[in-house]
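Commentary on secondary and tertiary structure
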Amino acid sequence: MLRQLKNLFFSVQTYNDLSPDIEMRRVVNHGLYCRRSLTLQQWFESFWQPRAIAAPVVAFVYDRLKAYSGVEMARVWPGDRLDADLKFSLICWFDWQLNLCEDFQQQFGGDAIDPLAIYNLDTVEELVVFLNSQFDKHLSGNRERKRYRSPRQPSTENAPESSPEQEREQE
């Protein structure tokens, strides 16, 4: 009985340690409040289009980071630091990087992204550029596979010639 009570206590304590800090989230959003709020399209055109970042990647980041953190991404700039400025390690669930990698792969396909690569990124810009490179790698991989994949065509070497009537029927 004492062991079960002790396990319950530690479970509650661990849950609190790993769950988002709602008060810190409020503080972060309050700090961003003085900035102009941008729609997704404005955010893309202002910050990412000049850097040749793919629009689907920008939309993914805009949507998913808001979902993970509760931060109003409409007020976030590329130079904002994920941890030092936006406090992601405090305001997100402890495994947000893992979820980001899984969601990215689910939405765009391609190879799995190592969550440790996300841990080493400092700013929103670094994250977006990294995800864009993964997106580009996936697209170029698909193009390469399509380019070198030759569709199987039946051999016409010994096939009888078709009559003009048969060709009209096929059209």
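Higher on the page you've got the structure.
In this text, all values refer to a predicted model and were calculated from it rather than measured experimentally. (Residues numbered from 1 in each chain as written. Predicted model: local features only at pLDDT ≥ 70, side-chain atom pairs only at ≥ 80, totals over all residues. Heavy atoms only, no water.)

Bringing the overall build of the protein chain into the picture now. From N to C terminus, the protein chain includes 9 helices and 0 strands. Reading the secondary structure of the protein chain in the N-to-C direction produces α-α-α-α-α-α-α-α-α. Buried residues in the protein chain amount to 31% of all 171 residues. Put simply, of all contacts in the protein chain between residues at least 6 apart along the chain, 67% involve residues at least 24 apart. (Helix = DSSP H or I, 4+ residues; strand = E, 2+ residues; numbered from the N terminus. Buried < 20%, exposed > 50% of the residue type's maximum accessible area, 1.4 Å probe, protein only. Contact = heavy atoms within 4.5 Å.)

Time to look at the packing of aromatic side chains. A full pass over the atoms with the stated rule returns 7 aromatic pairs. Ring geometry for F60 versus F108: centroids 5.6 Å apart, planes at 65 degrees, classification edge-to-face. One end of the pair, F60, is in helix α4 (residues 55-69); the other, F108, is in helix α6 (residues 96-108), with 48 residues separating them in the sequence. Judged by relative accessible area, which is 2%, F60 ranks as buried. (Phe/Tyr/Trp six-rings, centres within 6.5 Å; stacked < 30°, edge-to-face > 60°.)

In this section: the environment of H30. In this fold, H30 is placed in helix α2 (residues 22-32). The class of H30 is exposed, set by a relative accessible area of 60%. Spatially, the C-alpha atoms of H30 and V71 are 9.7 Å apart, while their sequence positions differ by 41 residues.

Attention shifts here to the environment of A74. Examined against the element boundaries, A74 turns out to sit in the loop between α4 and α5 (88-91). Sequence spacing of A74 and D63 is 11 residues, and the spatial spacing of their C-alpha atoms is 10.0 Å. In contact with A74, not counting residues within four places along its chain, are R36, S37, L38 and Y62.

Secondary-structure assignment places D80 in the loop between α4 and α5. Polar contacts involving the side chain of D80 include one to the side chain of R35, which spans 2.6 Å. Not counting chain neighbours up to four residues away, the residues in contact with D80 comprise L32, R35, R75, D85, L86, D122, T123 and V124. (Polar contact = N/O pair within 3.5 Å; in protein donor to acceptor, adjacent residues only side chain to side chain.)

Turning next to unusual backbone geometry. In the Ramachandran plot, A52 falls in the positive-phi region, its phi being about 60 degrees despite a non-glycine side chain. Summarising the element assignment, A52 is placed in the loop between α3 (40-48) and α4. Residue A52 is classed as exposed on the basis of its relative accessible area of 61%.

The topology assignment puts W77 in the loop between α4 and α5. Exposure remark for W77: the relative accessible area of 40% places this residue in the partly exposed category. In the structure, W77 is positioned 42 residues away from R35 in sequence and 9.4 Å away in space, judged by C-alpha atoms. Each residue touching W77, except ones within four places of it in the same chain, is listed here: R35, F47 and V124.

With that settled, the discussion passes to the side chain of H138. Following the sequence through the fold, H138 ends up in helix α8 (residues 124-148). Looking at H138, its side chain comes within polar contact range of the main-chain oxygen of F108, at 2.8 Å.

Note that every value here comes from positions in space, so none of it alone points to a role or purpose.
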